[in-house]
Amino acid sequence: MAAEGVDWTVVALTCQHKDSASAFQKELEVRCARGFLGQNPILLTVEDPKVQVGSGGATLNALLVAAEHLSARAGHTVVTSDVLQNAWILILHMGRDFSFDDCSRAFTCLPLEDPSAPVEALTCNLDNLLATLTRQVCRGSPPGVWVCSTDMLLAVPSVPKIDWHGFTGARVIAVPGSVSYAKQHGVYLADGQGFVQDILYQGSEDQIQQCVGSDGKVPLVCGIVFFSSSEAAEQLLATHVIPPLNACTYLGLDSGAPPIQLSLFFDILLSMACKVSEEAFVNGLGPQTGSGSGDDTQSEVALRSARTVLWKALHTIPLTMVYIPDGSYDYMTASASDHIRHLTASVGNAHGGSFCKVAHSHVEEPELLEEGCSVTNSLLEGAVAVGPGTAIQHCCLKGPLQIRSGCLLTGLDEGSLEALRDHRLEDVVIQGHAVRLKDLSCKVFTLSGRHDQWESPAEEGGTYLNAPWADLFLRTGIRREDLWSGEVVPGRRCLLNARLFPVLHASESLSLGDLLWLLGGPGPGQRLQRWRGAWRLSWEELRTSLDQQAELTARTGLFFRQGQHKVRRALQEGGGVSLRPLLRSAALEGHHEAMLDALDDVASCAEDPRVCARALSCVADLLSCLAKGEGGLRSGPAANPAWAPAFRLLEQGRLSEGVRALAAERKNWLHRPVLLVRAARHYEGASQILIRQAVMSSCRFVRLFPVALPPLGCWVTAECPARIDLSGGWSDTPPISYEHGGAVVCAAVLVDGKRPIGAQARRCTEAELRMRSASGSLEGELVLDLVCRELEDLRDYCQPQAPGALLKAAFVCAQVVDLDSPKPLSEQLVERFGGGFELHTWSCLPHGSGMGTSSILAGAVMAALYGASGRSASVHSLVHAVLHLEQVLTTGGGWQDQVGGLFPGLKTGRSEARLPLKVEVEPIRTPEGFARTLSDHLLLLYTGKTRLARNLLQDVLRNWYARLPSIVQNAHALVDNAEECAHALKKGDLPLLGECLNRYWAQKKRMAPGCEPLAVRRMMELLEPMVLGQSLTGAGGGGFLCVLTREPRQHEHLAQVLAKAEGLANVSIHRVEVDTGGIQVRLQGEDGVVRPMEWPLAQDSQSLALSPE
């Protein structure tokens, strides 16, 4: 059993016609590929051995076929019931043909959408039943055989509490119904312990009253049965070799046994009912136990013989009933009114709770759809007005068109529009059918009225188009002999066998107009002659020629046509619609080329780089789906030379050309999973180019102020605190920060009393760039020394793994050097600054600490370089300069780190959902003395695990662009929690702050699953009683754990606790103090005295903006 439901061993779908088996087998395989049926089930489409073997015969035949396949899988050469002992088998009966859906009641599409589904698809009644059975009704059951009919709509809002402990025997599921409804259906009579006493079908009111429960309802037979493997299923399987029951299976057919019809409920299950006697059961006495006539016809003798066998085999097996009080059941009758009610927003629908007015459809003018209608898997272009109580399915319609109330339209396309516009459409059913007549495929239309009853005799109150047949004859000139041959006796003449529907014409092509003239209109004489000249069929004849494979294929094609519209709309309008489920579906069902074309079209035509970036990310998603989990990890390098020309076009802002170049190169990478994954990486790389360009828009908020050039050899030093993010992180990450908007609350902190991050720069006489970087005192200091004398030495500045890449990028972004200048490096340096530069950086924090080290260090470097080169910038400008630098460096990242470490104290950083990206910072004013109190309760614990933020970042961006509902909701929650956290700080409320911190950690884990290593989880569980809140800093995955202790100054106590815990003795604990200074910049004068450097606090209209180049 799967934790979330049943992991089926076998799923068998029974059908009447062998011509349909392959089409329905493909549908099962598609659902299995979507992950709806378990890990590795055997999928079987089992055609009934003979027409109308009944639900009982179909069950026995399907059980035999399932046992054969399980026996073969287990290596047996004969069927053995042992294979049932550890198997969960589901048998679904499709039942009889359905007048209102060519693919049966099982594949009738419902007006439902499930935004949380991993794969987007039409929801058929079969899918609704599968979900209800797998996740709710059958959950927790022992091995056995579940049987369910598909001729009803079933809803079970909650998981029923069914006691399966030690269960053996058979069990039926019942849902509540009214006494009046039960008069036309089956009802269980059960005792107080749930043992079934009898099964009534269309019983009298007195009989039904015996079944009424304490809720005033009766337990309806809803078509779901369970046979336990340990007893019932094994005994039932054993009967397949005993005549005459062998006639119910394909083995009997192959052996020439005469046909026999059995009911699952009134033959098989009734034999187990406690109060049914053997005589009554075998002879079929009474309306509740079958339809025995007492005549000794061959079929009656065979049926009595079969019941005798069933009684002996099954009567001792206990049959119990489970009543689901909140379940609902609605049989899918042959009434058009009932069917339309099921498909529209009527009260009492079995699926009413999740009804979707427009399901998987593109509707250009939705305001023309009145309440109470539904549109499913259709395209409505232009002014198409739809009245209440009307259902449209699998149609392509264009306005102007008015469809009034009470209609059902299915399978109509653009070729039908003229005929539709010429008639008043109200209370009619118009259907287009795919028909195959030997080697000829064609489209045939049928027309009926909403109130017509297909089998009502024409001479005894039967109707056509909601009126007596006489009205049709009078209006059109049609005669009875046109519709019914002399072989059809008057009492049998009805709509079902009336040859109304033109199929072929000897000399002309036919259209919907050749049928809709029956509604009335001009020129009936000419239409009548043309109608009479056509070869016509009745619905009874037509349904045996329905091409169900073609119909299912057409529905799928239409689904992906409307899917292309959805892709364009979702990308162009923005918002939170996730496309990943649709892309998965396109990959699974072979419609990826059309979807790729739609994505290319959106990306190439987009004027907004945000739209283009998301479209390219969706292409990457689709390519990854095509790889089907093979081909390696999704994250990886994206610098193959074959993609470089397209990347250059994107870098130059030539989006349309760049997208076309990407698509042209993509064709070379579609043949193997490993190539598909590599292509996906390059599409993500292309998307990153556009993100980078969007973030570059923040350059306009970098303002530089001229200051005196420091003397040669005089150091400009910038020192910074670290930062702790208290809430809101990830919302600052592009593109989330400018598509959704972000808010982060963070604190500048001293770690063990020190500012751990810094940089210093000075001019030197040599015309070269000297760089030294020291980092990681907790792990052992790492030192890098580098000297650049040529421009070529700097050109790897945009490769994050290159030695000194951050420092090189800083020289470029600070415009100390110009890589595009024809002048050599030495000449540039001497000409502008009279010599070169020496730049040193340091960090006492380990790599991957989660404390914002790299971004804060970048801010310190830029401040030191600006000062050493005769310029200065506000802290606000430095925040945006770091955004620019990190995009140039191609490491990406958001703005919270530099906000946290460059601005002092506690603050909230915010960015709005717009471009250019601008960060605003609001200091948080706390009660007097609270900063000290907070410092006494904050501690940092170094986990010893290096955080891999880039891998986490790629996953988050990928899921954001996919607009996964969980990610979009979490982005909202992050921002809301940040505002709550700021409120807690303003009040000086430590417990509330702890709640926010815990909530924040939960949000981080939802944003980036996998960010909580097992060792960290153990440590957090150990510390939980001693802390108000805790969270790994930064993106998680390792680094520092920030804890807010219940009691102040808990350094020593926590150290003792951890020392005693297995595997945690080496965790180091560090004191934290809220820093009130932020970045500190000092200048060493010629006299050797170090003085604070002048630092602008506001923007100056006279200042120079940093160029984004």
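Residues numbered from 1 in each chain as written. Predicted model: local features only at pLDDT ≥ 70, side-chain atom pairs only at ≥ 80, totals over all residues. Heavy atoms only, no water.

K.L.:
What am I meant to see in the overall build of the protein here?
P.N.:
When helices and strands are tallied, the protein shows 36 helices and 44 strands. Taken along its principal axes, the extent of the C-alpha atoms in the protein is 125 × 75 × 55 Å. When the 1109 residues of the protein are sorted by exposure, 59% land in the buried category. Relative to all contacts within the protein whose residues are 6 or more apart in sequence, the contacts with residues 24 or more apart total 70%. Carbon and sulfur atoms provide 50% of the accessible area of the protein, an area that totals close to 43800 Å². With 99 positive and 121 negative side-chain charges, the protein shows a separation of 4 Å between the mean positions of the two kinds. (Helix = DSSP H or I, 4+ residues; strand = E, 2+ residues; numbered from the N terminus. Buried < 20%, exposed > 50% of the residue type's maximum accessible area, 1.4 Å probe, protein only. Contact = heavy atoms within 4.5 Å. Areas by Shrake-Rupley, 256 points an atom, 1.4 Å probe, with all protein chains shown as cover. Lys, Arg positive; Asp, Glu negative; His and termini not counted. Charge placed at Lys NZ, Arg CZ, Asp CG, Glu CD.)

K.L.:
In this structure, what is going on with a nonpolar patch on the surface? I would like to understand it.
P.N.:
Together, Leu440, Leu504 and Trp535 make up an exposed nonpolar region whose accessible area comes to about 260 Å². Structurally, the position occupied by tryptophan 535 is in strand 26 (residues 534-537). Residue classification places tryptophan 535 among the partly exposed residues on the basis of a relative accessible area of 44%. (Patch = residues over 30% accessible without salt bridge, like charges linked within 9 Å, V, L, I, M, F, W, Y side chains within 5 Å. Salt bridge = Lys/Arg side-chain N within 4 Å of Asp/Glu carboxyl O.)

K.L.:
Would you mind going over the pattern of salt bridges with me for this structure?
P.N.:
A pair can form between side chains of opposite charge whenever their charged atoms are brought close. In this structure the tally under the stated criterion is 58 salt bridges. In this structure, glutamate 922 and lysine 986 form a salt bridge, with 3.8 Å as the shortest nitrogen-oxygen distance. Here the residue glutamate 922 occupies a position in strand 37 (residues 919-923), and lysine 986 occupies one in helix 33 (residues 965-987), the gap between them amounting to 64 residues. Classification of lysine 986 by relative accessible area gives partly exposed; the value is 40%. What emerges from the salt-bridge pattern is a single network uniting Arg580, Asp621, Arg634, Glu684, Asp955 and Arg958.

K.L.:
Help me understand unusual backbone geometry, please; the structure alone is not making it clear to me.
P.N.:
Most of the time, phi is negative for any residue but glycine, and the peptide bond is trans. Here the residue pair proline 734 and proline 735 is connected by a cis peptide bond, since its omega of 5° sits within 30 degrees of zero. Among the secondary structure elements, proline 735 is positioned in the loop between strand 29 (722-727) and helix 25 (736-739). Cis peptide bonds are those with omega within 30 degrees of zero, and the linkage from leucine 915 to proline 916 qualifies with 0°. Inspection of the secondary structure assignment puts proline 916 in the loop between strand 36 (906-911) and strand 37. One non-glycine residue with positive phi stands out, namely serine 104, at about 85°. Inspection of the secondary structure puts serine 104 in the loop between strand 3 (88-93) and helix 3 (125-137). For tryptophan 730, which is not a glycine, the phi torsion comes out positive at approximately 85°. Tracing the backbone shows tryptophan 730 in the loop between strand 29 and helix 25.

K.L.:
What is the right way to read the nonpolar core from this model?
P.N.:
Soluble globular proteins: nonpolar side chains tend toward being buried together. Trp146, Leu616, Leu769, Leu934, Leu941, Leu985 and Leu1023 are the most contacted members of the largest nonpolar core, which totals 245 residues. Other than its neighbours up to four places away in sequence, leucine 1023 contacts Leu941, Gln1030, Leu1041, Val1043, Leu1054 and Leu1058. Core analysis: the second largest hydrophobic core is formed by 68 residues, Val444, Leu472, Leu500 and Trp531 among them. (Core = buried A, V, L, I, M, F, W, Y, C linked by side-chain atoms within 4.5 Å.)

K.L.:
Can you walk me through helix 35 (residues 1014-1023) in this structure?
P.N.:
Owing to its 3.6 residues per turn, the α-helix aligns residues three or four sequence positions apart on the same side. Of all the residues in helix 35, the buried ones are Val1016, Met1019, Met1020 and Leu1023. For helix 35, the angular spread of the buried residues around the axis is 100°, confining them to a single face. Looking at helix 35, the residues exposed on the side facing more than 90 degrees away from the buried face are Leu1014 and Glu1021. Those residues of helix 35 that are buried are in contact with strand 38 (938-942), helix 34 (990-1007), strand 39 (1027-1032), strand 40 (1040-1045) and helix 36 (1051-1060). (Arc of directions from axis to C-beta.)

K.L.:
Explain the sheet that holds strand 18 (residues 396-398) here, please?
P.N.:
Hydrogen bonding along the main chain pairs the strands of a sheet, whether they run parallel or antiparallel. Spatial strand order, 13-15-18: 3 strands in an open sheet with parallel pairing. Two strands in the sheet have a free side with no partner beyond their single neighbour: strand 13 (362-363) and strand 18. When strand 15 (residues 379-381) meets strand 18, the two strands line up parallel, connected through 3 bridges. If you follow leucine 379 over to strand 18, its bridge partner there is cysteine 396. Its contacts with the sheet place helix 18 (residues 548-573) against strand 13, strand 15 and strand 18, and it is angled at close to 55° to strand 15. (Pairing = 2+ DSSP bridges. Axes fitted to C-alpha atoms, helices over the stretch in contact; angles between N-to-C directions.)

K.L.:
What exactly am I supposed to notice about the confidence of the model for the protein here?
P.N.:
Residues shown with low pLDDT carry predicted positions that ought not to be read at fine detail. Of the residues in the protein, 95% reach a pLDDT of 70 or more, and the chain-wide mean stands at 91. Overall, residues 346-353 carries pLDDT values under 50, and its contacts beyond four positions in sequence, including any with other chains, amount to 15 contacts. Segment residues 1097-1109 is flagged for pLDDT under 50; beyond a separation of four residues in sequence, or across chains, it makes 29 contacts in the model. (pLDDT = per-residue confidence, 0-100.)

K.L.:
What exactly am I supposed to notice about helix 22 (residues 644-651) here?
P.N.:
Within helix 22, the full set of buried residues consists of Ala646, Phe647, Leu649 and Leu650. Looking down the long axis of helix 22, one finds its buried residues gathered within 160° of arc, a one-sided arrangement. Where helix 22 is buried, its residues contact helix 21 (609-626), helix 23 (655-666) and helix 24 (673-695). Where helix 22 ends, the next residue or the one after it, glycine 653, has phi of about 80°, a positive value.

K.L.:
Explanation requested: the packing of helix 22 against helix 24 in the structure shown.
P.N.:
What describes two packed helices is the angle between their axes and the distance between those same axes. At a minimum axis distance of 10 Å, the contact between helix 22 and helix 24 shows a crossing angle of 15°. Here helix 24 runs roughly parallel to helix 22, going by the angle between their axes. Two packed elements cross with a definite hand, and for helix 22 against helix 24 that hand is right-handed. Contacts between helix 22 and helix 24 involve Phe647, Leu650 and Glu651 from the former and His682, Gly685, Ala686, Ile689, Arg692 and Gln693 from the latter. Split by residue class, the contact of helix 22 with helix 24 holds 4 nonpolar, 3 polar and 2 charged. (Parallel < 35°, antiparallel > 145°, perpendicular 65-115°, else oblique. Left-handed = near helix turned anticlockwise from the far one by under 90°. Nonpolar A, V, L, I, M, F, W, Y, C, P; charged D, E, K, R; others polar.)

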